[in-house]
Amino acid sequence: MAIIDTSEQTVPADNGEVSLLIARQVDPGHEENFEAWAHGILETAAAFPDHLGYGLFRPAVEGGPWFLVHRFRNQAAFQRWQDSAERAAWFSNCLGHHHTEIARRELHGMETWFAKPGTARPAPPRWKMAISSGLAIFPISLAGNALLGPYLVNLHFVLRTAAFAVVFSTLMTYVAMPAISKLLRPWLTRGQ
């Protein structure tokens, strides 16, 4: 699946952010009209306060669904967009574009670490996410305290905590969670 446009490349931690994943089926021959419409609605949403970024993904196979992704700072920002006159205007002007929403998924916080890109498959149950996160946090905490602890012991506890938070969250986002979610994917998706 090719990325057409993206303005945000980080994965949110469990801090209240809301990501919206929408799958739309486009009738053959109407892809160009749909793409223009999709860019318009995504850019309109991007102008709203606390909108953090968006993406438009083409189908992986010919005739497959297109995916639109929005990120919002919190549930209130997401709801402002959902209830807006601007959003309603875009949907009132899409009848000739021959596309239909086939799936919608709201992802909150840590769910985005576990959502498989390009699918509308739901995230695993929260208890599985908690176990997986714990498995990722433990080695980072252990190594971080062993390797960084001796060098940061004389720092004020607020600065020491801030240093650990930056290192831990970066490693969680870019190293540990991608590895753990890939390693545990069969267990995480069992029963879905």
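Computed from a predicted model, the values in this text were never measured in an experiment.

Another aspect to go through is helix α1 (residues 31-46). For α1, with 16 residues, the first-to-last C-alpha span of 22 Å sits near the 22 Å given by 1.5 Å per residue. Within the sequence span of α1, burial applies to Phe34, Glu35, Trp37, Ala38, Gly40, Ile41, Leu42 and Ala45.

Attention now moves to the packing of aromatic side chains. One pass over the full model with this rule turns up six aromatic pairs. Taking 6.0 Å as the distance between ring centres and 35° as the angle between the ring planes, the aromatic pair formed by Phe34 and Trp37 counts as tilted. Linking Phe34 with Trp37, this pair stays in helix α1, spanning three residues, or about one helical turn. By relative accessible area, which is 0% here, Phe34 ends up buried. Relative accessible area serves as the criterion here: at 2%, Trp37 is assigned to the buried category. Taken together through their ring pairs, the aromatic side chains of Phe34, Trp37, Trp66 and Phe91 make up a single cluster.

Structurally, Arg24 can be placed in strand β2 (residues 18-26). Side-chain polar atoms of Arg24 contact the side chain of Glu101, separated by 3.5 Å.

Taken as a whole, the protein shows an average pLDDT of 77; of its residues, 77% reach a score of 70 or greater. When pLDDT is averaged over each helix and strand of the protein, the minimum, 43, is found for strand β1 (residues 3-6) and the maximum, 90, for α1.

Before going further, it helps to examine the pairing of strand β3 (residues 51-57). Note on strand geometry: in a regular strand, side chains alternate between the two faces of the sheet. Counting buried residues along β3, six of its seven residues qualify, which places the element largely inside the surrounding structure. For β3 and strand β4 (residues 66-72), the ladder comprises six bridges, and the chain directions are antiparallel. By the bridge assignment for β4, Phe57 is matched with Phe67.

In this section: a nonpolar patch on the surface. Residues Trp127, Ile131 and Leu135 make up a contiguous nonpolar surface patch of about 320 Å² in total accessible area. Along the polypeptide, Ile131 turns up in helix α5 (residues 126-147).

Conventions we followed
Residues numbered from 1 in each chain as written. Predicted model: local features only at pLDDT ≥ 70, side-chain atom pairs only at ≥ 80, totals over all residues. Heavy atoms only, no water. Helix = DSSP H or I, 4+ residues; strand = E, 2+ residues; numbered from the N terminus. Expected span 1.5 Å × (residues − 1). Buried < 20%, exposed > 50% of the residue type's maximum accessible area, 1.4 Å probe, protein only. Phe/Tyr/Trp six-rings, centres within 6.5 Å; stacked < 30°, edge-to-face > 60°. Polar contact = N/O pair within 3.5 Å; in protein donor to acceptor, adjacent residues only side chain to side chain. pLDDT = per-residue confidence, 0-100. Pairing = 2+ DSSP bridges. Patch = residues over 30% accessible without salt bridge, like charges linked within 9 Å, V, L, I, M, F, W, Y side chains within 5 Å. Areas by Shrake-Rupley, 256 points an atom, 1.4 Å probe, with all protein chains shown as cover. Salt bridge = Lys/Arg side-chain N within 4 Å of Asp/Glu carboxyl O.

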